[in-house]
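Read off the chains here:
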Amino acid sequence: TMRQAAEIVRERMQRELNESVARFGNRRYDFPGLWRAFRHATHGRWRALPTGWPLSFIRHERDRARPPARNRLHALVRDLDLAAFYVPFGWPLLSLARMLRRPPYGHRGTTRAERSMKEGRFVWRLSERPLPPREDRR
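Residues numbered from 1 in each chain as written. Predicted model: local features only at pLDDT ≥ 70, side-chain atom pairs only at ≥ 80, totals over all residues. Heavy atoms only, no water.

Undergrad: Please explain the overall build of the chain as it appears in this structure.
TA: Helices and strands together make up the secondary structure of the chain, namely 6 helices and 0 strands. For the chain, the α and β elements follow one another from N to C terminus as α-α-α-α-α-α. For the chain, whose C-alpha radius of gyration is 25 Å, the value lies well above the compact-globule estimate of 14 Å for 138 residues. The principal-axis extents of the C-alpha atoms in the chain amount to approximately 60 × 50 × 30 Å. In the chain, which comprises 138 residues, the proportion classed as buried is 14%. The contacts of the chain with a sequence gap of at least 6 include a subset with a gap of at least 24, amounting to 17%. Summed over its atoms, the accessible surface of the chain is roughly 12700 Å², and 60% of this surface lies on carbon and sulfur atoms. (Helix = DSSP H or I, 4+ residues; strand = E, 2+ residues; numbered from the N terminus. Rg over C-alpha atoms; globule rule 2.2 N^0.38 Å. Buried < 20%, exposed > 50% of the residue type's maximum accessible area, 1.4 Å probe, protein only. Contact = heavy atoms within 4.5 Å. Areas by Shrake-Rupley, 256 points an atom, 1.4 Å probe, with all protein chains shown as cover.)

In structure tokens:
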């Protein structure tokens, strides 16, 4: 039974591979086509590169919890600390920005205990924080 199932899967995958080769060709990576598409993109082309992903993901998460920016300049300035991702050895700049910004995106004005809780640097003990009763958890 297992051999028959494996043979069915093998035949299906080979058929899909043949269809993909017929549709897209034998070349795995079409770098000239990628370059053309990248050149003709209007805005947001930096998001397509792996170097733009940290900025894109963090800005998206921040924008879920805050009101929209008033204009493009405001959108740029309020996330200026994220530029440290692109500066060589920018992590010290990023940690400095975290020290100067107020919560929820910084640590200015928080106690040491609040900061460790926010960063996840604490030991979880069931004696101090018991789990909720079984019927409340879903």
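Undergrad: How should I be thinking about the environment of Arg115 in this particular structure?
TA: Examined against the element boundaries, Arg115 turns out to sit in helix H6 (residues 112-119). Along the backbone, Arg115 and Glu61 are 54 residues apart, and their C-alpha atoms lie at a distance of 19 Å. Apart from residues no more than four positions distant in its own chain, Arg115 is found in contact with Met99, His107, Thr110 and Arg121.

Undergrad: Can you walk me through a nonpolar patch on the surface in this structure?
TA: A cluster of nonpolar side chains, contributed by Val87, Leu93, Leu96, Met99 and Leu100, occupies part of the molecular surface with about 450 Å² of accessible area. Tracing the backbone shows Leu93 in helix H5 (residues 91-100). In this structure Leu93 comes out as partly exposed when scored by relative accessible area, which is 47%. (Patch = residues over 30% accessible without salt bridge, like charges linked within 9 Å, V, L, I, M, F, W, Y side chains within 5 Å. Salt bridge = Lys/Arg side-chain N within 4 Å of Asp/Glu carboxyl O.)

Undergrad: Sorry if this is basic, but what is going on with the side chain of His107 here?
TA: Structurally, the position occupied by His107 is in the loop between H5 and H6. Under the relative-accessibility criterion, His107 is labelled buried at 12%. Among the polar contacts made by the side chain of His107, one reaches the side chain of Glu119 at a distance of 3.2 Å. Residues in contact with His107, not counting those within four places in the same chain, are Arg98, Met99, Arg101, Arg115, Lys118 and Glu119. (Polar contact = N/O pair within 3.5 Å; in protein donor to acceptor, adjacent residues only side chain to side chain.)

Undergrad: So what exactly am I meant to see when it comes to the packing of aromatic side chains here?
TA: Aromatic rings in a pair are described by how distant their centres are and how their planes are angled relative to each other. Here the structure, examined in full by the defined rule, presents 2 aromatic pairs. A ring pair is formed by Trp35 and Phe38, whose centres lie 6.3 Å apart and whose planes are at 35°; its orientation type is tilted. Taken as a pair, Trp35 and Phe38 lie in helix H2 (residues 31-40) at a separation of 3 residues, close to a single helical turn. For Phe38, a relative accessible area of 23% translates into the label partly exposed. Measuring from ring centre to ring centre gives 6.3 Å for Phe122 and Trp124, while their planes differ by 40°; the resulting arrangement is tilted. (Phe/Tyr/Trp six-rings, centres within 6.5 Å; stacked < 30°, edge-to-face > 60°.)

Undergrad: Even after reading the chapter, I still don't get the side chain of Arg78, so can you show me in this structure?
TA: Within the secondary structure, Arg78 sits in the loop between helix H4 (72-77) and H5. Looking at Arg78, the relative accessible area reads 14%, which means it is buried.

Undergrad: What should I look at first to understand the environment of Arg108 in this one?
TA: Counting through the fold element by element, Arg108 comes out in the loop between H5 and H6. Taking the C-alpha atoms as reference points, Arg108 and Lys118, 10 residues apart in sequence, are found 13 Å from one another. Of the polar contacts made by the side chain of Arg108, one reaches the backbone oxygen of Leu100; its length is 3.2 Å.

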